[in-house]
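Spelled out, the chains give:
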Amino acid sequence: MRILLSPDATAREAGEVLRLAREAADRPDEVSVETRDGRMLISMTANGESVDPAMFERLAGVETVEDARPIYRLAGIDQLEAEHAVRGRTLVEVPYAGVTIGSGQFVVMAGPCAVENDQDILATARRVRRAGARILRGGAFKPRTSPYSFQGTGIEGLEMLARAREEVGIAVVTEAMEPAAVEMVGEIADIIQIGSRNMHNYPLLRAAGRQNKPVLLKRGMSATLEEWLGAAEYILNEGNPNVVLCERGIRTFSRHSRHTLDIGVIPVLRERTTLPVIIDPSHATGAAGRVPSMAMAALAAGADGLLIEVHPEPDRALSDGFQALSFEIFDALMSDLGRIAAAVGREI
Ligand code: PEP
Ligand code: MN
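1. What about the sheet that holds strand β14 (residues 243-247)?
Link 1 in the chain: Around the barrel, eight strands lie side by side as β9-β10-β11-β12-β13-β14-β15-β16; this closed barrel has parallel pairing. Averaged over all pairs of adjacent strands, the angle between their axes in this sheet comes to 25°, without regard to strand direction.
Link 2 in the chain: Pairing between strand β9 (residues 107-111) and strand β10 (residues 135-137): two bridges, direction parallel. Bridged to A110 within β10 is L136.

Dropping the structure here:
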């Protein structure tokens, strides 16, 4: 933390700020003082970092207080030495899928918005697996904007996912909406999804951090990068290092698409965090016809994978049918992705 005093701070005010800084620190050498352009700058290190900056902001003579503590200490790129990170990348293993997200392989997760019935989820699991998807997506518990919309098939949906998983031998990602449901969802899911609307649900993030299944953390639709990484930090801080970030489009002034896909966040995340990032072009664009181009852009931009909505008959889907790909379009997209992957030396 750095405390900059105003140019007209009196000697008495400066002395009081310094006294409090020394009192808050564990040892006197954690506080250093220098003069910048005729003003006093007090810097605190070590234990001083756990002192609340607000305590100094109120003091007479203080101009600014800069909190040097990163909010994401575990998600941050400084964690190069972390046990789970190799060459600055967190590797998230999904054993049932036989893949490691973040390792360079491009991991495609595909399936319906919601698990509707056994027949559809089974057919979808087979088709997406055959096309090269490693993980089946599908919500059993659905966070819908309206309480009158279809809310998902709940526990029965989870059971349908479990059957499709077994029968097809495909790993599953599905959402948990509340802390009490995390354990139950974790019993069948290979990856637990935390949805955009729940990115700020701290009890849920903590619960996801207290179990050991990987967590797919979607970006809140109005979340800044700091807020998103701060949310990831809640999971990591509970002891679960297996977090995969998912960009799913944010709210901007644009009205031409459901959300604005922030593809530019990929290189920024590479600079700031070790965590893998996947792109959800379905919720970002909200239109099936726009999904393939954004999926290919994600691969070219260096994402670790995709989360895509696919439905046997998009027109009769109970949720988000307008953005779901048919099997045929998904097959075509997978072969286009295969060509791009080969060109950039990546495996799908
Ligand atoms: C989903 O992927 O099922 C979903 C509800 O998306 P989001 O949380 O991004 O809106
Ligand atoms: Mn959806």
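2. Topic: the sheet that holds strand β2 (residues 31-36)
Consider a sheet: its strands pair through backbone hydrogen bonds, and that pairing is either parallel or antiparallel.
Link 1 in the chain: Reading across from one edge, β2-β3-β1-β4 is the order of the four strands in this open sheet, with antiparallel pairing throughout. Because the sheet does not close on itself, it has two edges, and the strands there are β2 and β4 (62-66). Shown here is a sheet whose adjacent strand axes are inclined to one another by a mean of 20°, direction ignored.
Link 2 in the chain: Set on the sheet, helix α1 (residues 11-24) makes contact with β1 (2-5), β2, β3 (39-44) and β4; between it and β3 the angle comes to about 5°.

3. Overview of the nonpolar core
Link 1 in the chain: Membership of the largest hydrophobic core comes to 67 residues, with the highest contact counts inside it found for L136, L217, L245, L306, I308 and F330.
Link 2 in the chain: Broken down by element, this core gets its largest block of residues, seven residues, from helix α7 (residues 225-237).
Link 3 in the chain: When sequence neighbours within four positions are dropped, the list of residues in contact with F330 reads V108, A110, V128, A131, A133, I308, V310 and L325.

4. So, the site of ligand 1
Link 1 in the chain: Around ligand 1, the neighbouring residues are R137, K142, P143, Q193, G195, S196, R197, K218, R248 and H283.
Link 2 in the chain: Between an oxygen atom of ligand 1 and a side-chain N or O atom of K218, the distance comes to 2.7 Å.
Link 3 in the chain: Coverage of ligand 1 by the protein chains reaches 97% of its 290 Å² of free accessible surface.
Link 4 in the chain: Here the shell around ligand 1 is built from residues that sort into one nonpolar, four polar and five charged.

About the cut-offs
Residues numbered from 1 in each chain as written. Chains lettered and ligands numbered in written order. Predicted model: local features only at pLDDT ≥ 70, side-chain atom pairs only at ≥ 80, totals over all residues. Heavy atoms only, no water. Pairing = 2+ DSSP bridges. Helix = DSSP H or I, 4+ residues; strand = E, 2+ residues; numbered from the N terminus. Axes fitted to C-alpha atoms, helices over the stretch in contact; angles between N-to-C directions. Contact = heavy atoms within 4.5 Å. Core = buried A, V, L, I, M, F, W, Y, C linked by side-chain atoms within 4.5 Å. Buried < 20%, exposed > 50% of the residue type's maximum accessible area, 1.4 Å probe, protein only. Near = heavy atom within 4 Å. Polar contact = N/O pair within 3.5 Å; in protein donor to acceptor, adjacent residues only side chain to side chain. Areas by Shrake-Rupley, 256 points an atom, 1.4 Å probe, with all protein chains shown as cover. Nonpolar A, V, L, I, M, F, W, Y, C, P; charged D, E, K, R; others polar.

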